[in-house]
Amino acid sequence: MALAGVSLRLDAGRIEALLGPNGAGKTTLVRVLTGLVRPDAGEARVLGVDTWECPRDLRARMGLVPSGDRSLYLRISGLENLLFFGRLHGMSKREATTRAFEVLELVDLTEAARLRTAFYSHGMQKRLSIARALLTAPSVLMIDEATHDLDPEAAARIRDLVRSLADEGAAVLWATQRIEEIRSFADGVTLLREGQAAFQGTVSQLIALAAPRRYVLRLRNGRAGAVELEPLLRAAVAASGTIAAADDGDPEDFLLHLAEGAVLGEVLASLTAGGVDVLGCREEVSEIENAYLNLAGRGE
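About the thresholds
- Residues numbered from 1 in each chain as written.
- Predicted model: local features only at pLDDT ≥ 70, side-chain atom pairs only at ≥ 80, totals over all residues.
- Heavy atoms only, no water.
- Helix = DSSP H or I, 4+ residues; strand = E, 2+ residues; numbered from the N terminus.
- Buried < 20%, exposed > 50% of the residue type's maximum accessible area, 1.4 Å probe, protein only.
- Contact = heavy atoms within 4.5 Å.
- Areas by Shrake-Rupley, 256 points an atom, 1.4 Å probe, with all protein chains shown as cover.
- Pairing = 2+ DSSP bridges.
- Axes fitted to C-alpha atoms, helices over the stretch in contact; angles between N-to-C directions.
- Arc of directions from axis to C-beta.

Engineer: Requested: an account of the overall build of the protein chain, with residues and values cited.
Structural biologist: Each helix and strand in the protein chain was counted, giving 10 helices and 12 strands. In terms of its C-alpha atoms, the protein chain occupies a principal-axis envelope of roughly 85 × 45 × 30 Å. Taken over 300 residues, the protein chain has a buried fraction of 44%. Once local pairs closer than 6 in sequence are excluded, the contacts in the protein chain between residues at least 24 apart make up 69%. Summing over all exposed atoms, the protein chain offers an accessible surface of approximately 15,700 Å²; the carbon and sulfur share of this is 48%.

If you want it as structure tokens, here you go:
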């Protein structure tokens, strides 16, 4: 069963992030909500209408940005792609042309309107997919992996665009595996694990579940003479965990794995008392990634 007991409410003007590892059910849920897959049990309703029935007027009020680019026609231009899909929505040629130029301007693709889509960069194709989703000025946007494989600047550009659409009243479901991008972006989070909702709440509530146990310490021998550093480290950490050289190639970086119940501050104090200079300390992964890994069943 791809999904089991997942309950999700999406309100106007909000972005709900949908997280989960590969196979967790994110894309299946998006397909159910857009009427592409019929659920075996339960119901999916958008704007009060059963999505499997999905009449044309409902489809016009939903915009889908799929995870891949294969739904675009690469042998024709971006403008021609939009005209084709606009006509599928029942627009006249004049209406489709006017609207196509409006959404191309919105995603900053006006200058590339007549360029064959095959010559678009990956980021441009993603923006064209968003433009296509906006053709009918939808009230609901379903966006699946919009920033996958994009460079940070292109990804930020797409997030800014989607955030502005939500601020104008659109309800947005944002499926992603890029955990850090939901910080200061999403209003709520649903995390799927093996087809079930392992967490639902705000980003800050997700971060609060983090239990970091692994830290990268930058250390230096503070004792005079030829005293070796590693024996000092093992003696200072003792039963509080394990410590070993980090694999980043820097001789001053060490990976500390705290034992259950151990307190980071006490370990750092022991290191200092043992003659070790603590030059820096950071979590091996961010707190939001820690929470994700723990809930997704992949934590340490």
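Having seen it, we continue.
Engineer: Can you tell me about the sheet that holds strand β12 (residues 276–283), naming the residues and giving the values?
Structural biologist: Taken in spatial order, the 4 strands make up an open sheet running β10-β11-β9-β12, and their pairing is antiparallel. Two strands close off the open sheet at either side, each with one partner strand: β10 (241–245) and β12. Neighbour to neighbour, the strand axes of the sheet diverge by 30° on average, direction disregarded. Here β10 runs beside strand β11 (residues 253–258); their pairing, made up of 5 bridges, is antiparallel. Each bridged residue has a counterpart across the sheet, and for T242 the counterpart in β11 is H257. Most of the contacts of helix α9 (residues 264–273) go to β12, to which it runs at about 155°, and overall it touches β9 (214–221), β11 and β12.

Engineer: Please give an account of helix α1 (residues 26–33) that cites residues and values.
Structural biologist: Every buried residue belonging to α1 is among K26, L29, V30, V32 and L33, and all of these are buried. Down the axis of α1, the buried side of the element spans an arc of 160°, and every buried residue falls inside it. Against the buried residues of α1 lie β1 (15–19), β2 (45–46), β4 (62–65), β5 (140–144), β6 (171–175) and β7 (188–193). G35 occupies a position one or two residues after α1 and carries a positive phi of about 80°.

Engineer: Could you give an account of the sheet that holds β7, with specific residues and numbers?
Structural biologist: Spatially, β4-β5-β6-β1-β7-β8 is the arrangement adopted by the 6 strands of the open sheet, whose pairing is mixed. Each edge of the open sheet is held by one strand with a lone partner, namely β4 and β8 (196–201). In this sheet, adjacent strand axes meet at a mean angle of 15° when their direction is disregarded. By the bridge criterion, 5 bridges tie β5 to β6 in an arrangement that is parallel. Directly across from V140, in β6, lies its bridge partner A171. Helix-sheet contacts for helix α6 (residues 152–167) involve β1, β5 and β6, and the interaxial angle to β6 is about 150°.

What is shown is where atoms sit, not what they do.
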